[in-house]
Each structure stands twice: as C-alpha cells, then as structure tokens.
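The primary structure of each chain is shown beneath.
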Amino acid sequence: MTIIHQQHMRLRRELEAPPALRAFGSGWISGTLSVALGLACLGLVFAYRFPGLLASNELLGTIPVGALRLGLVLAFISAFMLAVISLLLRKDAFLGTLGISIALASSIIGGTLDGSWLPNYTPIYFGLDFFILNVIFTGLLFIPLETLFPKHHEQPLFRSEWREDMFYYLVSSMLVQVLSWISLGPAKAMLANTNWDELRNGIAALPITVQVLAIVFLTDLVQYWLHRAFHRIPFLWRFHAVHHSAKSMDWMAGARMHFVEVCILRGTTVLPMILLGFSTTAVYIYIFMVYLWSTFIHANIGWRLRGIDQFLVVPRFHHWHHGIEEEAIDVNFAIHFPWLDRLFGTYHMPEARWPEGYGVANHPVPNGYAAQFMYPFSKSDGVVTSNSTPFVQPANDLGLNNALQGNRDVSPMPNESAKDS
Ligand SMILES: [Zn+2]
Ligand SMILES: [Zn+2]
C-alpha cells in the first residue's frame, strides 16, 4: 500500500510541478500526454472487455470495430513515442516510465480485441468509455485555447482541486444512464398525461434551426429562474454552493455540481423540450451545444468578445457569476442569453473588469467529493444563503423576483456572508 501511495504522490508532484519544470522542452508535456493517452487506452480496452458493464450501449453500437482497433493502435503508438520523448528530455524518468508501462499494459490486455463482444448488450452499464471520450474531446478542444488565450496566465493545467473536478466528470459520465433515467422521469410522466399532439406535431415540423433556437430560449428561461431559486432558497443553496465552491475557473470547473442539483436541473430544463414535442435531432443538437457552451463559459479564456457579449453569455459574464467579491453576489444567472439578466435586473458586467477571485466567501463547502456530497444534508452549521448580503433589487425587475426573496434575512450569522454566484 505504501508503495502505491508513494507512487501516487510522486505522480501528483510531477503533474503539479512548478512552472520551470513544466516548460516546453522539459519533457513534461510529452510525459503528461503519454500518461493521459496510456490511461485512455487502458480505460477503453477495459470498457470493451466488459462491454455489458463498462461501456455505454449507444457508443458501442456506433463505433465500427475496425475503426476502434485502428484508433487504439494509433493511440498506443503515440503514447509510446511521447513517453520516449519525455525520457529523452526529462531528468526525472517517472512520467516517461509510467507512460510506457500503462501503454504496454493496455496493448497486452487489448491485444486480442475482436468483435465478439458486440452482441453482449445489457440493460445497465457504466459509461467508462463515455468518460474517456468526453475528457479527450473536451480537453483537446479547450486545453489549447486556455494555453493560447488564458485569462489567468499563472494558472497551471493541474491547478489545485483538479482531481476533485475530474472526479465530478467521472461520476456524471459513468452514471450517464442513471442520470438520464432520473432526469427524464417527470417529463415522461407529464407527457403521458397531456394530450397536445396537434401542437407537438406542429412544433416538430418546424425547421431545425427554429426548433433549436426555441429550445435554447425556453430552457434558458426555465434555467434562469431555477438557478435563481437555487441561490435564494437556503435548502437549495446548500446543493448549489458545491458548484460555487470552485476556486479556479477552467474547462473542468463546470463539472463540479452536486448529484441532486444535476438531477433537478436536467429534470426541469428538459420539460419544455419533451412536452412541446421538439424533434429528437433538435434536442440532440441542443444537448451538444449546451455542453460545449457551459464548458466554454467556465474556461480560463480571456477573450473580451465585445459586442457578442451583449447577446450571448461569454466567459467574463459567467466568471462574474462565480466571483468571490460582494458585487458578484446573485448576478448573471443566464447560461445563454445575458439579456435575460438585464430583463430581470440581475445583470452585472463592469466595463473591462474581471472578478478578483472565485468561490464562496469564507469557503464553507468542504474539500473532496464525498464530503461535498454529504454537505447539503449535514446539520445546519450556520451556513448562510447566497443572499445573506443585502441585495438591491433593481427597478426593472418586473417584480418577478419577489416570489423568490422570502429568505433574504434567514442567515443565522449575518457576518458570515456567503458568496453565491
Ligand atoms: Zn458555473
Ligand atoms: Zn449559481
């Protein structure tokens, strides 16, 4: 056990090494890539060795065996080559040796991979393959952007708490089937009890672009008020505080969300999509778009996007939602359209400024996935709501938020102002 622990700590030290030891030419980039690629191969090989348990049926059915084998062989070779480069460049051989070992192990396990597992479908599975492809795809897209156009130059790829956020990624991917089952429950029940066939057929017949735009608008409207309720209602805030506990913003930070919040959020935002009968194509396009967009607005990307930021939510807008300072409390709830916040009086975009830091004031949320999972259920410990700091209600609020403001002064400890964002 101690050897495993020692190696684990050594790996962490290497991944979180100071900037000088991570520079281009130090063997860090090739070593890290080789380990990541090796792990991806190993995970995929395992997933397809136990297809009924570890691989998602949807993915299994769509990837041809030939393409899978070719992709894996190319990945093995790349992991080997990158490990060799790291060994040549880096004084410490740890990353290179680990990369080679993992790639070797996965090529041995996957050596006889054939198509015989294809019919082996089972009703329940854990989406290990989904997690790996998810992280590879999102990482490939956002790591280069964050490296080339960072907002916070000093923030490393493996910043503090990265393991926690990666674990959130793992949980939501592995439980993809359970999550969709829970989230679709209310919508299916309502669908069975409503008879709006004419309306639904009419909506499904609209051009796809119109349908996607309508979904984006309707889900953002629902999401806006639900999100605001999560900030305003103390019981809900305890769940949402987990999302706000992230002290760094990047492509991984958005994944940090309490399991219960994920279920409520998806279960509610999916209602307009299902009840109004939008076509499956439009729904899938939207799901892909919202996934990319919510990753983008959390990312460590310093683009100003002047002009565009008037119509669409951009990173600076959502970074203000996560800001630790008082001016960032209860602002910028929208995910797609910032003008919803203008309309409802919660818009906050100080000219050319970004927040000084991220998180919840006084950091009441504990570290670690398990502790964060239990946090909302723990005994009230003087935890404050997001609204414990007086919130000035703007004149153009249309009065709609009155319904959600009954808890303004519930904080048992007025000094312990919680940030929410
Ligand atoms: Zn967020
Ligand atoms: Zn929030």
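Residues numbered from 1 in each chain as written. Chains lettered and ligands numbered in written order. Predicted model: local features only at pLDDT ≥ 70, side-chain atom pairs only at ≥ 80, totals over all residues.

Peer 1: Would you mind showing me how to read the overall build of the protein here?
Peer 2: Along the backbone of the protein there are 17 helices and zero strands. Burial status across the protein gives 33% buried among its 421 residues. Taking the contacts inside the protein whose residues are at least 6 apart along the sequence as the reference set, 80% of them involve residues at least 24 apart. (Helix = DSSP H or I, 4+ residues; strand = E, 2+ residues; numbered from the N terminus. Buried ≥ 20, exposed ≤ 12 C-beta atoms within 10 Å, placed from the backbone. Contact = placed C-beta atoms within 7 Å.)

Peer 1: I would appreciate a short explanation of unusual backbone geometry in the present structure.
Peer 2: A negative phi holds for most residues other than glycine; trans holds for most peptide bonds. Its identity as a non-glycine residue notwithstanding, Glu161 has a phi of 70°, on the positive side. Summarising the element assignment, Glu161 is placed in the loop between α7 (128–148) and α8 (162–174). Assessed through the 17 C-beta atoms surrounding it within 10 Å, Glu161 is described here as partly exposed.

Peer 1: I keep staring at the nonpolar core and nothing clicks. Help me out?
Peer 2: Soluble, globular proteins show a tendency: their nonpolar side chains are buried together. One finds Cys41, Leu44, Ala79, Ala83, Ala103 and Ile132 to be the most contacted residues of the largest nonpolar core, which totals 23 residues. Looking at this core, the elements that each hand over two or more residues are α2 (28–49), α5 (65–89), α6 (94–110) and α7. By residue number, the principal contributor to this core is α2, which donates eight residues. Ignoring any residue separated from it by four or fewer positions in sequence, one finds Cys41 in contact with Leu72, Ala75, Phe76, Ala79, Ala103 and Ser106. With 14 residues, the next largest nonpolar core counts Tyr224, Ile297, Ile329 and Phe333 among its residues. (Core = buried A, V, L, I, M, F, W, Y, C linked by C-beta atoms within 7 Å.)

Peer 1: When you look at the environment of Arg49 in this model, what are you seeing that I'm missing?
Peer 2: Along the chain, the position of Arg49 falls in helix α2. Assessed through the 15 C-beta atoms surrounding it within 10 Å, Arg49 is described here as partly exposed. It is 8.7 Å that separates the C-alpha atoms of Arg49 and Ile109, two residues lying 60 residues apart in sequence.

Peer 1: What is the right way to read the packing of α2 against α7 from this model?
Peer 2: For any two helices packed against each other, one specifies the inter-axial angle together with the distance between the axes. Axis separation between α2 and α7 bottoms out at 8 Å; the angle between their running directions is 155°. Classed by the angle they form, the pair α2 and α7 counts as roughly antiparallel. Crossing geometry of α2 relative to α7 is assigned as left-handed. Contacts between α2 and α7 involve Ala40, Gly43, Leu44, Phe46 and Ala47 from the former and Leu128, Asp129, Ile132 and Ile136 from the latter. Looking at the contact of α2 with α7, its residues break down into seven nonpolar, one polar and one charged. (Axes fitted to C-alpha atoms, helices over the stretch in contact; angles between N-to-C directions. Parallel < 35°, antiparallel > 145°, perpendicular 65-115°, else oblique. Left-handed = near helix turned anticlockwise from the far one by under 90°. Nonpolar A, V, L, I, M, F, W, Y, C, P; charged D, E, K, R; others polar.)

Peer 1: Would you explain the environment of Met190 in this entry?
Peer 2: You can see Met190 is positioned in helix α9 (residues 176–192). In the structure, Met190 is positioned 84 residues away from Ile274 in sequence and 9.2 Å away in space, judged by C-alpha atoms.

Peer 1: Help me understand the environment of Gly368 in this model?
Peer 2: Relative to the elements of secondary structure, Gly368 occurs in the loop between α16 (338–344) and α17 (369–374). Taking C-alpha positions, Gly368 is 8.5 Å from Glu161, a pair spaced 207 residues apart along the chain.

Peer 1: I'm lost on helix α1 (residues 2–15) in this one. Help?
Peer 2: The α-helix advances 3.6 residues per turn, and as a result positions three or four apart in sequence lie on the same side. When the terminal C-alpha atoms of α1 are compared, their 20 Å separation across 14 residues agrees well with the 20 Å that a helix rising 1.5 Å per residue should span. In terms of burial, α1 is largely open, as just one of its 14 residues are buried. (Expected span 1.5 Å × (residues − 1).)

Peer 1: What is the right way to look at the packing of α7 against α8 in this model?
Peer 2: Put simply, α7 and α8 touch, their axes get as near as 8 Å, and they point 135° apart. Comparing their axes, α8 and α7 come out oblique. Crossing of α7 against α8: the hand is right-handed. On α8, the residues touching Leu128, Phe130, Phe131, Asn134 and Val135 of α7 are Tyr169, Leu170, Ser173 and Met174.

Peer 1: Honestly, the confidence of the model for the protein in this entry has me stumped. Any pointers?
Peer 2: Detailed reading of predicted coordinates is not advised where the pLDDT is low. Put simply, the protein has an average pLDDT of 81, and 81% of its residues get 70 or more. Segment residues 113–123: pLDDT under 50, and 11 contacts once partners within four positions in sequence are set aside and those in other chains are kept. The low-confidence segment residues 387–421 (pLDDT under 50) makes 73 contacts with residues lying over four places distant or belonging to another chain. (pLDDT = per-residue confidence, 0-100.)

Peer 1: Would you mind showing me how to read α7 here?
Peer 2: With 21 residues, α7 should reach 30 Å at 1.5 Å per residue; the first-to-last C-alpha distance of 30 Å fits that figure. Approximately 30° is the largest bend angle found in α7, and it occurs at Gly139. (Bend = angle between axes of the 7 residues up to and from the residue.)

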